Amino acid sequence: MSLRISEAVIWQETGEGVSLYHTETGDFHSLNDTGSRIWKLVASDGEREPVMFKLSREFAGSNSAMSRRIVADVEEFIGTMIEQGFIEEVPAEQPAVKEESLS
Amino acid sequence: MTRAVVLGGGLAGVLAATVLAGHADEVVLVEGDRYPSGPRPRRGLPQSHHSHVLVAGGARALDALLPGTVDALLADGAHLRDLPGDALIYSADGWFRRLHTGAHLISCTRGLLDQVVRRRALGGGDVEVWEDTRALGLTGDEVRVTGVSVSRQGSPPETVRADLVIDATGRRSQSPRWLAEIGAADIEEVSVATGLAYATRLYRAPVDLAATIPAIMLHPGTEKGRPARGATLFPVEDGRWIVTLTGTRGGEPPTDEQGYAAFARSLRHPIVADLMAEATPLGVVRPYRDTVNRRRFFERARLPAGFAVVGDAAVAVNPIHSHGMSVAALGALRLREELARHGMGPSLFAGLQSALAEEAERSWRMAVEQDTQRAGQQAGDRVVERAGRDGAPRREPNAFEREIRTRLAQAKLSSPRLAAEFFGVQTLISAGTVKDRSEIARVLTGRPEPLLTDEEAIGQYPALAAWRRTRLAAATG
């Protein structure tokens, strides 16, 4: 399954990180640095594995324990975002990314 | 023979009685006052001197209960105004454009509405009306209400047996005490203060504007830490306008002649003050302060069978929201549905109060949310510790959140779809649970519509604009 940002979400990268607005629920969400980084990777790559790979390479290097922790953190973050309707899982052949931002 | 007794002969009581007339062999309506002979305020209803509008959801319910009533009101001089298609509304976010959304309100005096409804509901003689009769309490026990104790025209108390007793006595209902007296459970009660006061005056309208005037609403601005002050002007029957000035604590509208005019003049826009100055006052300025939102959760208690509460006696919201009469009509319609489903027997009583409470839920939530928000703004958000859904203290909104909120608030001024959603909820014709996602996305990602200037907003109403131009020309010589 691929990942895509829900069409119901308007988001913007600000000086404080990524801010999200869910147009159906009216919920706002501000992501911290790590969440923002994961969010942007989901937006650009649309798959779990590249996100995990890039973050592991960036932060864990060859430290496998750290790498496992990063994978777990990414899974948890994406799971929460899916649960709250900010990210959706879609079959792999569908377009994976849709970005809406304030003009 | 089955008998239903309805306590309170206001709108909620009259409508409940007329619904019950189709299901009980005998229906008695107990009213503490005597009804006026014409469309005039009732002695026991102090708020009847103030603005009363029937919003679209309530108008539909009223027509479903008593077909043809809205037409009868309009024929007797009530005015129908689309929202915001026939309403000049200056919200905190700007002027609304003249959009036709399907939402509307019916404006007339409370006296006219009550008279027309009474004529149609009680004229057939299916309901026995006991005027000048005081309700003193309930009879029965915690399991079953068997009747009521009343005093007719000052006579000694008498007991009236009933299979169903409905309390429709309004904000001053004594039901919690009456229930306690027969051993029933306590009733949980919640009050949400508004700090709002208002003052109302009737005017004879200038002839050239009497019929064409839009409904006018000047909402308070968003200045933190200052009283929220606003005004409404609605056309009512017989070429009159009813003007209501509102203010929260520290900014209450005065009731003296000069103070009233000065208050109107000090609002965010002088249109109401200008119109007042050209109209002829009819009678005194009348204050009103009983604006607390108060809910008694009868549905949460183990109520005795054979007893229910309707209207303001159960859920009374700040009258500024104009929901009282409409919720009363929606409640009566729900009572009719429940009676049709269960008949007037034991299976009715089990869920009746919950069903009636459901009809008031939207109005209650909306009123409490808006009044709490206003109280927070007035206090600079110090008083109300706003919390997120998880109960955690809410963080200060960041620039993104402020931008989104501002854009959405301003977009509803010009987007027919968002305005329809907003006014649909306000007028109780939709629950607002389904958001128009594509329109929200469009207004958030596209170029914002420019806000209307004062002149453009008033210019949407040619007769009003022409009148104002003439007046300004005369004033400047």
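Residues numbered from 1 in each chain as written. Chains lettered and ligands numbered in written order. Predicted model: local features only at pLDDT ≥ 70, side-chain atom pairs only at ≥ 80, totals over all residues.

- Per an unreviewed UniProt entry, chain B goes by the name Dehydrogenase (Flavoprotein) and belongs to Microbispora rosea.

- Going by the annotation in an unreviewed UniProt entry, the name recorded for chain A is Coenzyme PQQ synthesis protein D (PqqD), with Microbispora rosea given as the source organism.

## Side note on the overall build of chain A
- Looking only at helices and strands, chain A has 3 helices and 5 strands in total.
- Element order for chain A, N to C, with α for helix and β for strand: β-β-β-β-α-α-α-β.
- A buried classification covers 28% of the 103 residues belonging to chain A.
- A fraction of 54% describes how many contacts in chain A between residues 6 or more apart in sequence connect residues 24 or more apart. (Helix = DSSP H or I, 4+ residues; strand = E, 2+ residues; numbered from the N terminus. Buried ≥ 20, exposed ≤ 12 C-beta atoms within 10 Å, placed from the backbone. Contact = placed C-beta atoms within 7 Å.)

## Observations concerning the sheet that holds strand 4 (residues 79–83) of chain B
Residues and elements named next belong to chain B.
- Across the sheet, which stays open at both edges, the 3 strands sit in the order 3-7-4 with antiparallel pairing between neighbours. Strands with a single pairing partner mark the edges of an open sheet, and in this sheet they are strand 3 (52–55) and strand 4. Averaged over all adjacent pairs, the angle separating strand axes in this sheet is 30 degrees, with direction ignored.
- Relative to strand 7 (residues 103–108), strand 4 is paired through 5 bridges, and the arrangement is antiparallel. Note on strand 7: the bridge partner recorded for Asp82 is His104. (Pairing = 2+ DSSP bridges. Axes fitted to C-alpha atoms, helices over the stretch in contact; angles between N-to-C directions.)

## Considering the confidence of the model for chain B
All names here are of chain B.
- On average, residues of chain B carry a pLDDT of 91, and 94% of them reach 70 or more.
- Residue range residues 381–393 is modelled with pLDDT below 50. Its contacts to residues more than four positions away, or to other chains, number 15 contacts.
- In the predicted complex, the global pTM is 0.86; the interface-specific ipTM is 0.71. (pLDDT = per-residue confidence, 0-100.)

## A word on the packing of helix 1 (residues 11–20) of chain B against helix 8 (residues 324–342) of chain B
All names here are of chain B.
- At their nearest, the axes of helix 1 and helix 8 sit 9 Å apart, and the two run at 20 degrees to each other. One way to sum up the angle between helix 1 and helix 8 is to call them roughly parallel. Of the two possible hands of crossing, helix 1 and helix 8 adopt the one that is right-handed. In this structure, helix 1 contributes Leu11, Ala12, Leu15, Ala16 and Val19 to the contact, and helix 8 contributes Met325, Ala328, Ala329, Gly331, Ala332, Leu335, Arg336 and Leu339. (Parallel < 35°, antiparallel > 145°, perpendicular 65-115°, else oblique. Left-handed = near helix turned anticlockwise from the far one by under 90°.)

## Focus: unusual backbone geometry
Residue and element names in this part refer to chain B.
- Leu83 connects to Pro84 through a cis peptide bond whose omega is -5 degrees.
- Inspection of the secondary structure assignment puts Pro84 in the loop between strand 4 and strand 5 (87–91).
- Positive phi is not limited to glycine here, since Asp238 has a value of about 65 degrees.
- In this structure, Asp238 sits in the loop between strand 16 (229–236) and strand 17 (240–248).
- Look at Asp238 and you get partly exposed, because 15 C-beta atoms sit within 10 Å.
- Non-glycine residue Leu428 carries a positive phi angle of around 65 degrees.
- Along the polypeptide, Leu428 turns up in the loop between helix 11 (416–426) and helix 12 (437–445).

## Things to note about the pairing of strand 5 of chain B
Residue and element names in this part refer to chain B.
- The buried count for strand 5 comes to 5 of 5 residues, which makes it a mostly enclosed element.
- Burial along strand 5 is two-sided: the residues Ala87, Ile89 and Ser91 and Leu88 and Tyr90 are all buried.
- Both strand 5 and strand 15 (residues 215–218) contribute to a ladder of 4 bridges, which runs parallel. Its bridge partner lying in strand 15, Leu88 is registered against Ile216.

## Structural notes on the sheet that holds strand 12 (residues 164–167) of chain B
Residues and elements named next belong to chain B.
- Spatially, 5 strands are ordered 8-2-1-12-20 in an open sheet, and the strand pairing comes out parallel. What marks the edges here is a single partner per strand, and that holds for strand 8 (127–130) and strand 20 (307–309). Ignoring which end each strand starts from, the neighbouring axes of this sheet average 20 degrees apart.
- In the packing of helix 1 onto the sheet, the strands contacted are strand 1 (3–7), strand 2 (26–30), strand 8 and strand 12, and the crossing angle to strand 1 comes to about 170 degrees.

## Quick look at the pairing of strand 2 (residues 9–14) of chain A
Residue and element names in this part refer to chain A.
- Of the pairings in the sheet, the one linking strand 2 to strand 3 (residues 17–22) comprises 6 bridges and is antiparallel in character. Paired with Gln12 across the bridge in strand 3 is Ser19.
- Once strand 2 ends, the chain turns through 2 residues before running back antiparallel as strand 3.

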